[in-house]
Amino acid sequence: MNTLLDRRAGRIEPPIPVAVVIEQHGAWRVLFAAIAALFDARGRSGELRPGDLDNHLRRDIGLPPLPEPWSEPPRWM
């Protein structure tokens, strides 16, 4: 269960029940917002692999840096 942290007041508020949200906004709006949230990919990029991290983060957690990308085009071009 999620709790909301109000950083201005420094307090933690209990989660709002779905029934209250439906009562305030209507069942259709809540349904469409839930469907939109299922298909919205913001904040959920899947698993993060160590190869996806940049060298700054890799160094912070103790991993060796990745080699620099190839800067010259291949000789056959």
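Note on numbering: residues in each chain are counted from 1, in written sequence order. Note on the predicted model: pLDDT of at least 70 is required for a residue's local features to be given, and 80 or more for side-chain atom pairs to be given and counted; whole-chain, interface and lining totals, by contrast, use all residues. Values shown for side chains rest on all heavy atoms present in the structure; no hydrogens or waters enter the calculation.

Caption draft 1: Up close: the overall build of the protein chain. A tally of helices and strands in the protein chain yields three helices and two strands. A run of DSSP states H or I qualifies as a helix once it reaches four residues; a run of E qualifies as a strand once it reaches two. Both are numbered from the N-terminal end. The N-to-C order of helical and strand elements in the protein chain reads β-β-α-α-α. Per-residue burial for the protein chain yields a buried fraction of 5% across its 77 residues. A 1.4 Å probe and the Shrake-Rupley method give the accessible areas. Residues count as covered only by the protein chains that appear here. Accessible area of the protein chain: about 7900 Å², with a carbon and sulfur share of 61%. Throughout this description, buried means an accessible area under 20% of the type-specific maximum (1.4 Å probe, protein chains only), exposed means over 50%, and partly exposed covers the range between.

Caption draft 2: Focus on the packing of helix α1 (residues 18–25) against helix α2 (residues 27–39). Lines are fitted to the C-alpha atoms to define the axes, a helix being fitted only along its stretch in contact, and any angle between axes, read from their N-to-C directions, falls within 0 to 180 degrees. Orientation of α1 relative to α2, taken along the N-to-C sense of each, is 120 degrees, at an axis distance of 7 Å. When the interaxial angle is binned, α1 and α2 end up oblique. On α2, the residues touching V21, I22 and H25 of α1 are A27, R29 and V30. Angle categories are assigned with fixed cut-offs, so that under 35 degrees is roughly parallel, over 145 is roughly antiparallel, 65 to 115 is roughly perpendicular, and the rest are oblique. Any two residues whose heavy atoms approach within 4.5 Å are treated as being in contact.

Caption draft 3: Just α1, in detail. Of all eight residues making up α1, only zero are buried, and the element is barely covered by its neighbours. After α1 finishes, the residue G26 shows a positive phi value of roughly 100 degrees.

Caption draft 4: Layout of a nonpolar patch on the surface. Distance thresholds for patches are 9 Å for like charges and 5 Å for nonpolar side chains (Val, Leu, Ile, Met, Phe, Trp, Tyr), applied to residues having over 30% relative accessible area and no salt bridge. What makes a salt bridge here is a side-chain nitrogen of Lys or Arg within 4 Å of a carboxyl oxygen of Asp or Glu, nothing more. Together, W28, L31, F32, I35, L38 and F39 give the surface a local cluster of nonpolar side chains, amounting to about 760 Å² of exposed area. Here F39 is to be found in helix α2. Judged by its relative accessible area of 71%, F39 is exposed.

Caption draft 5: Structural context of the confidence of the model for the protein chain. Mean pLDDT over the protein chain stands at 76; residues scoring 70 or higher make up 68%. Values of pLDDT, ranging from 0 to 100, describe the predictor's confidence in every residue of the model. Ranking the elements of the protein chain by mean pLDDT puts strand β1 (residues 4–6) last, at 51, and α1 first, at 91.

Caption draft 6: Looking closely at the side chain of R58. As for its position among the elements, R58 is in helix α3 (residues 55–60). Counted as positive: Lys and Arg. Counted as negative: Asp and Glu, with His and the chain ends omitted from the count. Look at R58: it is buried, it has no salt bridge, and the nearest opposite charge is D54 at 8.0 Å. Polar side-chain contacts of R58 include one of 2.8 Å to the backbone oxygen of P64. Here a polar contact is taken to be a pair of N or O atoms separated by no more than 3.5 Å, where protein atoms must pair a possible hydrogen donor with a possible acceptor and residues adjacent in sequence count only if both atoms sit in side chains.

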